[in-house]
Amino acid sequence: MTDIPRKIIPLADLRYASRIPAIPANLLAPTGLLSDTLGRPLRDLRISVTDRCNFRCNYCMPSEIFDKDYAFLPQSSLLSFEEITRLAKIFVAHGVEKIRLTGGEPLLRKHLEVLIGMLARLQTPQGKPLDITLTTNGSLLARKAQSLKDAGLKRVTVSLDALDDAIFRGMNDVDFPVANVLKGIDVAHQAGLAPVKINMVVKRGTNDSQILLLARHFRHSGAVLRFIEYMDVGATNGWRMDEVMPSSQVIERLQAEFPLAAIDPNYSGETAERWRYLDGGGEIGVISSVTQAFCGECNRARLSTEGKLFLCLFASQGHDLRALLRGNFADDQIAAAIGPIWQARSDRYSEIRAALPPDASAAGSAKRIEMSYIGG
Ligand code: SAM
Ligand code: SF4
Ligand code: SF4
């Protein structure tokens with residue numbers, strides 16, 4: 001008999017540390033008024049629906065690591081649409097008003113419209129519909145925008161790091177043409193998934209040449225272009241501070257060609273700082289996660305593809321809600337278990353890192369979650 005080489009696939013549950021939340025003896029009902037140790041409410045839930053992606057952006061899923069042998073989560077580990085909706089309903093009772101679907105690439109999850117339809121039927125305790133949105137690399141958007149809209153999606157955010165085709169193909173590292181993403185943005189706009197937001201991660205020396213090109217392209221289009229500082233999230237992208245282009249420099253470059261004025265945030269906890277073109281060309285935003293941390297206003301919880309709750313993008317430990325869902329606990333028990341987790345939250349990674357030397361990490365030796373696992 002010949003020896004067949006076997007690849008050892010780590011158990012998905014061992015991928016990142018997590019603990020199973022305790023069910024309190026006293027089942028306090030959600031009030032919608034949870035507050036963490038820094039007085040931050042819970043308003044925004046980001047749900048990762050897959051850890052897989054058809055791109056290999058080098059700042060997120062470098063192809064040397066996420067190669068053909070990479071052990072993505074098996075199907076049985078993923079939360080089903082029913083499980084996601086059940087948890088979403090509990091989070092809404094706790095105060096969540098906005099849900100963002102993300103990944104990996106969320107449009108790779110089969111029948112995502114069905115999930116959107118299920119989430120769109122939820123209401124806040126005040127009887128308001130949820131703000132449901134999605135972040136995508138845009139590769140499948142032209143095909144799917146209309147059905148997503150019909151299912152109840154309100155808006156969409158498309159990641160787009162370059163207008164130049166060669167730079168774009170190099171950054172996605174799968175030779176995907178920029179024209180297909182631009183087409184997806186147009187179709188989304190026509191379908192009414194508006195305003196379409198465009199996220200550009202700016203990496204100095206890689207795509208900062210694209211800042212003005214993208215600004216010129218999206219001015220007067222109705223789309224809102226946002227420039228994101230390259231973050232030290234995860235442990236695989238080889239992040240270096242000298243590749244971060246501070247938002248202040250992005251604004252300087254834009255101002256040199258298009259006069260801008262700062263505008264007020266839409267709501268408390270908004271991550272983007274907003275600016276408008278003085279000539280009426282529309283609005284842009286900058287997200288300064290590295291140089292101007294906004295932990296003080298962070299009202300976001302994140303649910304991984306396999307149902308672990310993370311309280312910060314830079315957390316190294318999750319709370320295994322899937323174990324509760326599949327452990328036959330009732331909704332009131334799960335809700336009562338989630339409340340104290342948020343109340344004990346003290347995460348403020350980016351603020352702590354900002355006080356350290358430029359290339360230092362505030363995470364110590366703990367294994368940090370990858371962006372593709374938890375979503376942006
Ligand atoms: N695949 C989808 C996409 O690219 O839009 C959704 C998931 S992706 C992880 C969500 C967002 O995170 C994208 O806008 C992406 O550009 C951003 N992102 C990923 N890694 C990042 C990093 N190291 N720094 C800043 N943003 C990052
Ligand atoms: Fe995929 Fe989005 Fe990560 Fe790029 S940023 S590799 S598109 S998950
Ligand atoms: Fe929120 Fe953590 Fe980011 Fe601070 S570092 S803004 S707490 S996710």
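Residues numbered from 1 in each chain as written. Chains lettered and ligands numbered in written order. Predicted model: local features only at pLDDT ≥ 70, side-chain atom pairs only at ≥ 80, totals over all residues. Heavy atoms only, no water.

## Regarding the site of ligand 3
At step 1: All residues adjacent to ligand 3 are F294, C295, C298, R300, R302, C312, L313, F314, D347, Y349 and S350.
At step 2: Listing elements by their share of the shell around ligand 3, those giving two or more residues are β11 (300-303) and α10 (349-354).
At step 3: For the shell around ligand 3, a count of residues per class yields seven nonpolar, one polar and three charged. (Near = heavy atom within 4 Å. Helix = DSSP H or I, 4+ residues; strand = E, 2+ residues; numbered from the N terminus. Nonpolar A, V, L, I, M, F, W, Y, C, P; charged D, E, K, R; others polar.)

## Comments concerning the pattern of salt bridges
At step 1: Under the definition given, this model contains 17 salt bridges.
At step 2: A salt bridge links D44 to R46, with the nearest nitrogen and oxygen atoms 3.6 Å apart. (Salt bridge = Lys/Arg side-chain N within 4 Å of Asp/Glu carboxyl O.)

## A short note on the environment of Y349
At step 1: As for its placement among the helices and strands, Y349 is situated in helix α10.
At step 2: Measuring from C-alpha to C-alpha, the distance between Y349 and A335 comes to 26 Å, with 14 residues separating the pair along the chain.

## Focus: the pairing of strand β10 (residues 283-287)
At step 1: Among the five residues in β10, four count as buried, and that is most of the element.
At step 2: With four bridges connecting them, strand β9 (residues 273-277) and β10 associate as antiparallel partners. Bridge pairing in β10 links W275 to I284.
At step 3: Adjacent in sequence and paired antiparallel, β9 and β10 are bridged by five residues, among which G280 carries a positive phi angle near 85 degrees. (Buried < 20%, exposed > 50% of the residue type's maximum accessible area, 1.4 Å probe, protein only. Pairing = 2+ DSSP bridges.)

## Details of the packing of helix α2 (residues 112-120) against helix α3 (residues 141-151)
At step 1: Closest axis-to-axis distance for the α2/α3 pair is 8 Å, and the angle between their directions is 25 degrees. Taken together, the axis directions place α2 and α3 in an arrangement best described as roughly parallel. Note on packing geometry: the crossing formed by α2 with α3 is right-handed. Two secondary-structure elements touch here, α2 through L112, E113, I116, G117 and A120 and α3 through K144, S147, L148 and A151.
At step 2: Split by residue class, the contact of α2 with α3 holds five nonpolar, two polar and two charged. (Axes fitted to C-alpha atoms, helices over the stretch in contact; angles between N-to-C directions. Parallel < 35°, antiparallel > 145°, perpendicular 65-115°, else oblique. Left-handed = near helix turned anticlockwise from the far one by under 90°. Contact = heavy atoms within 4.5 Å.)

## Things to note about helix α1 (residues 81-93)
At step 1: For α1, which comprises 13 residues, the first-to-last C-alpha distance of 18 Å matches the rise-based estimate of 18 Å (1.5 Å per residue) to within 8%.
At step 2: Of the residues making up α1, those classed as buried are F81, E83, I84, T85, L87, A88, I90, F91 and V92. (Expected span 1.5 Å × (residues − 1).)

## Here's the deal with unusual backbone geometry
At step 1: A cis amide bond links A194 to the next residue, P195, at an omega of -5 degrees.
At step 2: Even without being glycine, D173 reaches a positive phi, approximately 60 degrees.
At step 3: Mapped onto the elements of the fold, D173 is located in the loop between α4 (165-172) and α5 (178-191).
At step 4: Phi angles above zero are rare outside glycine, and H220 is one such case at about 65 degrees.
At step 5: Position of H220 among the secondary structure elements: in the loop between α6 (211-218) and β7 (224-229).

## A few points about the packing of aromatic side chains
At step 1: Counted according to the given criterion, the structure contains seven aromatic pairs.
At step 2: Taking 5.5 Å as the distance between ring centres and 80 degrees as the angle between the ring planes, the aromatic pair formed by F258 and Y277 counts as edge-to-face. Residue F258 is found in the loop between α7 (247-257) and β8 (260-263), and its partner Y277 is found in strand β9; the two are separated by 19 residues along the sequence.
At step 3: Through successive ring pairs, a cluster of aromatic residues spans F55, F168 and F176.
At step 4: One residue, R219, lies across the ring of Y277, its end atom 4.6 Å from the ring centre. (Phe/Tyr/Trp six-rings, centres within 6.5 Å; stacked < 30°, edge-to-face > 60°. Lys NZ or Arg CZ within 6 Å of the ring centre and 35° of its normal.)

## Points about the nonpolar core
At step 1: If you look at the biggest cluster of nonpolar residues, it comprises 113 residues, and the most contacted ones within it are L101, L160 and F227.
At step 2: For L101, the residues in contact, after removing those within four places along its chain, are I47, V49, P106, L112, L115, I116, L119, T133, L134 and T135. (Core = buried A, V, L, I, M, F, W, Y, C linked by side-chain atoms within 4.5 Å.)

## Some points on α7
At step 1: Three or more residues of α7 are buried, namely S247, V250, I251 and L254. Seen along its axis, α7 keeps its buried residues to an arc of 95 degrees; they face one direction. Across from the buried face of α7, at angles greater than 90 degrees, the exposed residues are E252 and A256. (Arc of directions from axis to C-beta.)

## Section: the environment of E229
At step 1: Relative to the helices and strands, E229 resides in strand β7.
At step 2: Residues E229 and P246, 17 residues apart in the sequence, show an inter-C-alpha distance of 6.4 Å.
At step 3: Excluding anything up to four places from it in sequence, E229 contacts V244, M245, P246, S247, I287, S288, S289, V290 and T291.
At step 4: Only 2.9 Å separates the side chain of E229 from the backbone nitrogen of V290, close enough to count as a polar contact. (Polar contact = N/O pair within 3.5 Å; in protein donor to acceptor, adjacent residues only side chain to side chain.)

## Thoughts on the environment of D347
At step 1: If you trace the backbone, D347 turns up in the loop between α9 (331-343) and α10.
At step 2: Take D347: its relative accessible area is 24%, and that puts it in the partly exposed class.
At step 3: Each C-alpha atom, one on D347 and one on A272, is 20 Å from the other, the two residues being 75 residues apart in sequence.
At step 4: If near-sequence neighbours (up to four positions away) are discounted, D347 is found in contact with L38, R40, L311, C312 and A315.

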